[in-house]
Amino acid sequence: MAKEGVEKAEETEQMIEKEAGKEPAEGGGGDGSHRLGDAQEMRAVVLAGFGGLNKLRLSRKAMPEPQDGELKIRVKACGLNFIDLMVRQGNIDNPPKTPLVPGFECSGIVEALGDSVKGYEIGDRVMAFVNYNAWAEVVCTPVEFVYKIPDDMSFSEAAAFPMNFVTAYVMLFEVANLREGMSVLVHSAGGGVGQAVAQLCSTVPNVTVFGTASTFKHEAIKDSVTHLFDRNADYVQEVKRISAEGVDIVLDCLCGDNTGKGLSLLKPLGTYILYGSSNMVTGETKSFFSFAKSWWQVEKVNPIKLFEENKVIAGFSLLNLLFKQGRAGLIRRVVEKLIGLYNQKKIKPVVDSLWALEEVKEAMQRIHDRGNIGKLILDVEKTPTPLMANDSTETSEAGEEEEDHEGDSENKERMPFIQ
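Since the model is a prediction, treat every value here as computed from it, not as a measurement. (Residues numbered from 1 in each chain as written. Predicted model: local features only at pLDDT ≥ 70, side-chain atom pairs only at ≥ 80, totals over all residues. Heavy atoms only, no water.)

Caption draft 1: Representation of the confidence of the model for the protein in the model. Across the protein, pLDDT averages 83, with 77% of residues at or above 70. Taken together, the stretch residues 1-38 has pLDDT below 50 and engages in 54 contacts with residues farther than four places along the chain or on a different chain. Low pLDDT (under 50) marks residues 286-297, which in the prediction has 14 contacts with non-local residues, meaning those over four places away or in another chain. (pLDDT = per-residue confidence, 0-100. Contact = heavy atoms within 4.5 Å.)

The structure is reproduced here in structure tokens:
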């Protein structure tokens, strides 16, 4: 073990030297200015203010150093989630002040340890939750949010793992108590969480999975669910045609009128779980009309009716559970179970595409268009295409660079990099 630790440390030192010594021409943008000679600075995606894609900039920031109980991670890959899109729009409760670095999950190599950190060594390959700041070359985060990754798990897979699989596992097994012979309805079955739900359901015998997704995704995901419906179809009637009683579990990331539909499909003792509200996102910026419409369409819950019909309604926010409600211990136990399933080849993250930090606008547009199957990943070491490099703009930390016009993104070709 000591020899292995030395080898990992040497590997990390070599990587740091390589990063610090790269010529500017090897950087991200067209002029190579993103690669900085100063080892105390790093590249990071900065959200200058809430709004459209034009609020995102690749900037130079001071490199953080670990505080007591924290690890410093040289980031290899970051996950991009729908919640990041809602953060960009300011479409969340109590949004933080801008400018800020978005992102809640990443993977990489431990570069330094803060005081009192135990159980990790420099050179360890890890994945981590971060309370913002993940979309950068270096992050620091408390040790309770960091997990070692299997040797055969790639960094892109590791960045696709925490948010999606932990969310799916907690909802299915901790909240809804999934068991043999039950049935599950999951919306956005082609997304990262949807695919994680489908894989975890396959680990329990005789579980029937109903899924909704855009028609163009059906061919790619048809083998992961039992019954697949178009997201715009009358899925309530389709489900009842197959299962007259309905389903045992409904996992809803849409909200709006889907809340009432989901509750209507529950069997007695069934559980409806709301874990998102993507129906509130229609345009590139926050829309009061979309928010009001979604709120108005939400089924008004009557506790007496729930009592009479023997139905359970619940909500789940992984980020709140971790960062506001102090359940890091529970999440660590869940991650350990999930890594066990990964090692048994029973689950595997589905990566839709890899994007350079300079391509964050295009990546975010892809998830806004619901074009992804699985997870979008920001690959910190990836070089962007010339088209996207020319469109990227590097700014100072404050983001003083002149903003693009709101509609400019519609006139640029987007080139997803499908893995």
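From this point on, the discussion continues.
Caption draft 2: Fine view of the packing of aromatic side chains. Enumeration over the complete set of coordinates arrives at 7 aromatic pairs. When the centroid spacing of 6.4 Å and the interplanar angle of 90 degrees are considered together, the rings of F161 and Y342 count as edge-to-face. Here the residue F161 occupies a position in the loop between α3 (155-159) and α4 (162-175), and Y342 occupies one in helix α12 (residues 328-343), the gap between them amounting to 181 residues. Between F210 and F229, the ring centres sit 6.2 Å apart and the planes meet at 20 degrees, which makes this aromatic pair stacked. One end of the pair, F210, is in strand β9 (residues 208-213); the other, F229, is in strand β10 (residues 227-230), with 19 residues separating them in the sequence. Counting every residue linked through ring pairs, the aromatic cluster contains F161, F165 and Y342. Its end group placed over the ring of F155, R125 keeps NZ or CZ at 4.7 Å from the ring centre. When the ring centre of Y120 is taken as reference, the NZ or CZ atom of K148 above it lies at 5.4 Å. (Phe/Tyr/Trp six-rings, centres within 6.5 Å; stacked < 30°, edge-to-face > 60°. Helix = DSSP H or I, 4+ residues; strand = E, 2+ residues; numbered from the N terminus. Lys NZ or Arg CZ within 6 Å of the ring centre and 35° of its normal.)

Caption draft 3: Expanded view of the pattern of salt bridges. A full pass over the atoms with the stated rule returns 17 salt bridges. Residues K72 and E65 are paired through a salt bridge, measuring 3.0 Å at the closest nitrogen-oxygen approach. K72 gets classed as buried once you look at its relative accessible area, which sits at 5%. Judged by its relative accessible area of 39%, E65 falls in the partly exposed class. With its nearest N and O atoms 3.3 Å apart, the salt bridge here joins K311 to E309. Relative accessible area serves as the criterion here: at 15%, K311 is assigned to the buried category. The partly exposed category is assigned to E309, whose relative accessible area is 31%. A cluster of three or more residues bridged by salt bridges with shared partners is formed by E65, K72, R74 and E111. (Salt bridge = Lys/Arg side-chain N within 4 Å of Asp/Glu carboxyl O. Buried < 20%, exposed > 50% of the residue type's maximum accessible area, 1.4 Å probe, protein only.)

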